[in-house]
Amino acid sequence: MENLDQKLRSVQQEFEQALGSASSSKSLEQVRLQFLGKKGEFTQLLATLKDLPIEQKRAFGSQLNQLKQDAQERFEQVKDELIAREVDAANAKQQNFDVTAYKPHAYPGHLHPYSQFVHEIEDIFLSMGYEICQGPEVDSEFYNFSALNIPQDHPARDMYDTFWTTRPDYLLRTHTSTVQIHSLQSKELPLAIVAPGRTYRYEAVDASHDFMFMQCEGLLVDKKVNVSHLFGTAQTFLKTLFGKDELDIRIRPGFFPFVEPGFEIDMRCPFCSKGCGVCKHTTWIEVFPGGLVHPNVLRACNIDPEEYSGFAFGFGLTRLAMLKYGIDDIRLFHSGRVAFLKQF
Ligand code: PHE
């Protein structure tokens, strides 16, 4: 009897103590399991009743039940208080949230290296009096081939591994030369345009090939335009882009059906004087294909080649960006890798 009484009081004390030290609703749940759960202390006390004589059972039984009920109520009360405190703390935390707070190492973000490079190139040509143009990325075979003096069944079409669309005669442009035709059809002469943009080739992807890459087309049509204008433009552009006071160019013949004569313009390696990995130890880098606009291209746009002449070029913008910034894997451009993007 004495014993049970003592035990009862000590369980009650322990319960109050545990309630007092529970600091979260999680630790409170532990208290509930320890005292009021199926195997809890109060429940175990009730279980000891069965060994007592009948009259003690009656007296203690009701006392114990009352105690357990009180404990349950006390528990609910503490639980409500604790939850209220937790909600208040969460609200206070939100109110104290300072949207203007300076976070020292936050990375602010910036334009993609492609966009930066396109702007740089556009600025150079704008300073030379060129206009920036754009054309559709899905275009007809007329703009991509026929009007550019590449008739159907001409083997030159094989130079361009083409993505054809399900709409007959429509394709993803294989080069930005399509913009030459769009501009000649829609603009007054004389004209000088550059058109940076995406181009597509049906190609296996590796470190130096992607099925999508960027080119920049240039076209200048006026009276009495000759090859020296093209070479001067190429040299001025490359010198400015690579920040060199002097930068030699070298001219080799090159075939493109829409120019005659056609050229491959190489620049002296801007990174070395004796040969390096970038120029494959030749000191020359092939960068700038171009030529004089073929009379058939002018004719396809109802321009008299006896009166007007022009030059065109179309360099690999992606390739130039890789050269300038020493990027050795074309796939990085669209990888979305923050470590790569952060460098620009
Ligand atoms: N369009 C050509 C290509 O993609 C490049 C080029 C453009 C060559 C203009 C000459 C003049 O291969």
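Computed from a predicted structure; not experimentally measured.

Points about the environment of L8
(1) Moving on: Mapped onto the elements of the fold, L8 is located in helix α1 (residues 2-21).
(2) Moving on: What makes L8 buried here is its relative accessible area of 4%.
(3) Moving on: Distance from L8 to K57, taken between C-alpha atoms, is 14 Å for residues 49 residues apart in sequence.
(4) Moving on: Once residues within four sequence positions are removed from consideration, L8 is found in contact with L45, F60, L64 and L67.

Thoughts on a negative patch on the surface
(1) Moving on: A cluster of like negative charges, contributed by D70, E73, E76, D80 and E81, occupies part of the molecular surface.
(2) Moving on: Taking relative accessible area as the criterion, E73 reaches 54% and is therefore assigned exposed.

Topic: the packing of aromatic side chains
(1) Moving on: Scanning the model with the defined rule gives 25 aromatic pairs in all.
(2) Moving on: Look at F340 and F344: their rings are 5.2 Å apart centre to centre, the planes differ by 65°, and that puts the pair in the edge-to-face class.
(3) Moving on: By the ring-pair criterion, three or more aromatic residues cluster together here, those being F125, Y130, F237, F288, F311, F313 and F315.
(4) Moving on: Taking the ring centre of Y170 as reference, the NZ or CZ of R167 above it sits at 4.0 Å.

Some remarks on helix α5 (residues 113-127)
(1) Moving on: The first and last C-alpha atoms of α5 sit 21 Å apart over 15 residues, in line with the 21 Å expected at 1.5 Å per residue.
(2) Moving on: Of all the residues in α5, the buried ones are P113, Y114, F117, V118, I121, E122, I124 and F125. An end-on view of α5 places all buried positions within 165° of arc, on one side of the element.
(3) Moving on: Downstream of α5 by one or two residues, G129 has phi in the positive range, about 95°.

Comments concerning the site of the ligand
(1) Moving on: Of all residues adjacent to the ligand, which total 15 residues, the nearest are H175, S177, R201, Q215 and G314.
(2) Moving on: Between the ligand and the protein, one listed contact pairs an oxygen atom with a side-chain N or O atom of Y160 at 3.5 Å.
(3) Moving on: Take Q215: an N or O atom from its side chain is 2.9 Å from an oxygen atom of the ligand.
(4) Moving on: Computed on the free molecule, the ligand has an accessible area of 330 Å², of which 94% lies beneath the protein chains in the complex.
(5) Moving on: Here the ligand is seated within the largest pocket.
(6) Moving on: Breaking the shell around the ligand down by element, the ones donating at least two residues are β5 (212-222), β8 (284-293) and β9 (309-316).
(7) Moving on: Tallying contributions element by element places β9 first for the shell around the ligand, with three residues.

Quick look at the sheet that holds β5
Strand pairing in a sheet takes place through backbone hydrogen bonds and is either antiparallel or parallel in direction.
(1) Moving on: Reading across the sheet, the seven strands line up as β1-β4-β5-β9-β8-β7-β6 and stay open at both edges, with mixed pairing between neighbours. The two strands at the open ends of the sheet, each matched to only one other strand, are β1 (131-132) and β6 (249-253).
(2) Moving on: The sheet contact formed by β6 and strand β7 (residues 259-268) spans five bridges and is antiparallel. Residue R252 lies in a different strand from β7, and its bridge partner there is E264.
(3) Moving on: Against the sheet, helix α7 (residues 178-186) contacts β4 (191-200), β5 and β9, and its axis sits at roughly 140° relative to β4.

Overview of the nonpolar core
(1) Moving on: Counting residues in each nonpolar core, the largest one holds 45 residues, and the members touching the most others are I121, F237, F288, F313, F315, L317 and L320.
(2) Moving on: Contributions of two or more residues to this core are made by α5, β4, β5, α8 (227-241), β7, β8, β9 and α10 (317-325).
(3) Moving on: Setting aside anything within four residues of it in sequence, one finds L317 in contact with Y114, F117, V118, I121, P196, M214, Q215 and C216.
(4) Moving on: The next biggest cluster of nonpolar side chains, apart from the first, holds 27 residues, and it includes I181, L191, F258 and V297.

Basis of the calculations
- Residues numbered from 1 in each chain as written.
- Predicted model: local features only at pLDDT ≥ 70, side-chain atom pairs only at ≥ 80, totals over all residues.
- Heavy atoms only, no water.
- Helix = DSSP H or I, 4+ residues; strand = E, 2+ residues; numbered from the N terminus.
- Buried < 20%, exposed > 50% of the residue type's maximum accessible area, 1.4 Å probe, protein only.
- Contact = heavy atoms within 4.5 Å.
- Patch = residues over 30% accessible without salt bridge, like charges linked within 9 Å, V, L, I, M, F, W, Y side chains within 5 Å.
- Areas by Shrake-Rupley, 256 points an atom, 1.4 Å probe, with all protein chains shown as cover.
- Salt bridge = Lys/Arg side-chain N within 4 Å of Asp/Glu carboxyl O.
- Lys, Arg positive; Asp, Glu negative; His and termini not counted.
- Charge placed at Lys NZ, Arg CZ, Asp CG, Glu CD.
- Phe/Tyr/Trp six-rings, centres within 6.5 Å; stacked < 30°, edge-to-face > 60°.
- Lys NZ or Arg CZ within 6 Å of the ring centre and 35° of its normal.
- Expected span 1.5 Å × (residues − 1).
- Arc of directions from axis to C-beta.
- Near = heavy atom within 4 Å.
- Polar contact = N/O pair within 3.5 Å; in protein donor to acceptor, adjacent residues only side chain to side chain.
- 1 Å grid on protein atoms, 1.4 Å probe; cavity = no way out; pocket = protein on both sides within 12 Å on 5 of 7 lines; lining within 4 Å.
- Sits in = over half its atoms within 2 Å of the grid points.
- Pairing = 2+ DSSP bridges.
- Axes fitted to C-alpha atoms, helices over the stretch in contact; angles between N-to-C directions.
- Core = buried A, V, L, I, M, F, W, Y, C linked by side-chain atoms within 4.5 Å.

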